[in-house]
Amino acid sequence: PNGHCTGLQLPCGRTCGVPTAQPTAITASPIACDNVPSACEAHIEWARDYGTKSNPEWYPKFFEVTGVQVGATSADDIVFYWYCTGAAPQSDCDGLEKPCSRAHDECGDSALKSETEAEVNDTMSSSTVVAVIVAVVLSVCFVGVLTVAFMYHKRRNKDSQTAHNELVAITNMNDNAETNHDDQNSAIKQVEDDSNDEFDV
């Protein structure tokens, strides 16, 4: 303007009279969810209120698929399980979709995965503590058994030594008694001999 911008050039890639293309907004494709055929609703309610509680074996690997214990399910958990496993009543539940509350959950990768991992870690920690306690108790018991065995062996040796000493003492007493008896016999014999000599005289 006013001669101050002499030598001004067009920006690269621009042409006079051609409008600039506006960037296209990238939007994520919506995830189809929450489609539950009306005929399927009764099946979902029954499974939630009765089936999972009275016959949990009809829902194998429920926890692995949903991350929820089979006896503590919601309707969305039932829908999610049936969607992932294809176990829904086919005639009444055709077209069943994920619940929107779990639209971003992968089958077998529940929204409660982090909680499940925490529970597993807690369980492992508890198991470790129990294992340590059991090891300590067993060690104490082992040491106690060894101590008792040692004391018993020591007492037995002491009793054996005492019995041996008593036996030696009794043997010595018997020997002394025999010696005294022999001495008495010798004395009596000597007296008798002396008496006989006097009588002969």
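From a predicted model like this one, the values you see are computed outputs, not experimental measurements. (Residues numbered from 1 in each chain as written. Predicted model: local features only at pLDDT ≥ 70, side-chain atom pairs only at ≥ 80, totals over all residues. Heavy atoms only, no water.)

**Concerning the overall build of the chain**
Okay, step 1: A count of helical and extended segments in the chain gives 5 helices and 0 strands.
Okay, step 2: The order of α-helices and β-strands along the chain, N terminus first, is α-α-α-α-α.
Okay, step 3: Put simply, 52% of the contacts in the chain that link residues at least 6 apart link residues at least 24 apart.
Okay, step 4: Of the roughly 15700 Å² of accessible surface on the chain, a fraction of 58% belongs to carbon and sulfur atoms. (Helix = DSSP H or I, 4+ residues; strand = E, 2+ residues; numbered from the N terminus. Contact = heavy atoms within 4.5 Å. Areas by Shrake-Rupley, 256 points an atom, 1.4 Å probe, with all protein chains shown as cover.)

**Let's talk about a negative patch on the surface**
Okay, step 1: Taken together, the side chains of Asp175, Glu178, Asp182 and Asp183 make up a negatively charged region of the molecular surface.
Okay, step 2: In this structure, aspartate 175 sits in helix H5 (residues 113–200). (Patch = residues over 30% accessible without salt bridge, like charges linked within 9 Å, V, L, I, M, F, W, Y side chains within 5 Å. Salt bridge = Lys/Arg side-chain N within 4 Å of Asp/Glu carboxyl O. Lys, Arg positive; Asp, Glu negative; His and termini not counted. Charge placed at Lys NZ, Arg CZ, Asp CG, Glu CD.)

**Some details on the packing of aromatic side chains**
Centre distance and the angle of the planes are the two values used to describe a pair of aromatic rings.
Okay, step 1: A complete count under the given rule lists 4 aromatic pairs for this structure.
Okay, step 2: Each ring, one from tyrosine 59 and one from phenylalanine 62, has its centre 6.4 Å from the other, and the planes form 85°; the classification is edge-to-face. Of the two residues, tyrosine 59 and phenylalanine 62, both sit in the buried class.
Okay, step 3: Summarising the aromatic geometry, the rings of tyrosine 59 and tyrosine 81 are spaced 6.2 Å apart at their centres and angled 55° between planes, so their arrangement reads as tilted. Remark: tyrosine 81 occurs in helix H3 (residues 75–85) and tyrosine 59 occurs in the loop between helix H1 (38–54) and helix H2 (62–66); sequence separation between them is 22 residues.
Okay, step 4: Looking at tyrosine 81, the relative accessible area reads 3%, which means it is buried. (Phe/Tyr/Trp six-rings, centres within 6.5 Å; stacked < 30°, edge-to-face > 60°. Buried < 20%, exposed > 50% of the residue type's maximum accessible area, 1.4 Å probe, protein only.)

**Regarding the state of the cysteines**
Okay, step 1: One pass over the structure, following the stated rule, counts 3 disulfides.
Okay, step 2: Disulfide pairing places cysteine 40 opposite cysteine 93 at an S-S distance of 1.9 Å. In this structure the cystine formed by cysteine 40 and cysteine 93 twists about its S-S bond by roughly 90°; its chirality is therefore right-handed. Residue cysteine 40 is located in helix H1, and its partner cysteine 93 is located in helix H4 (residues 90–93); the two are separated by 53 residues in the primary sequence.
Okay, step 3: With relative accessibility at 0%, the residue cysteine 40 sits in the buried group.
Okay, step 4: Take cysteine 93: its relative accessible area is 5%, and that puts it in the buried class.
Okay, step 5: What pairs with cysteine 84 in a disulfide is cysteine 107, and their sulfur atoms sit 2.0 Å apart. (Disulfide = S-S within 2.5 Å.)

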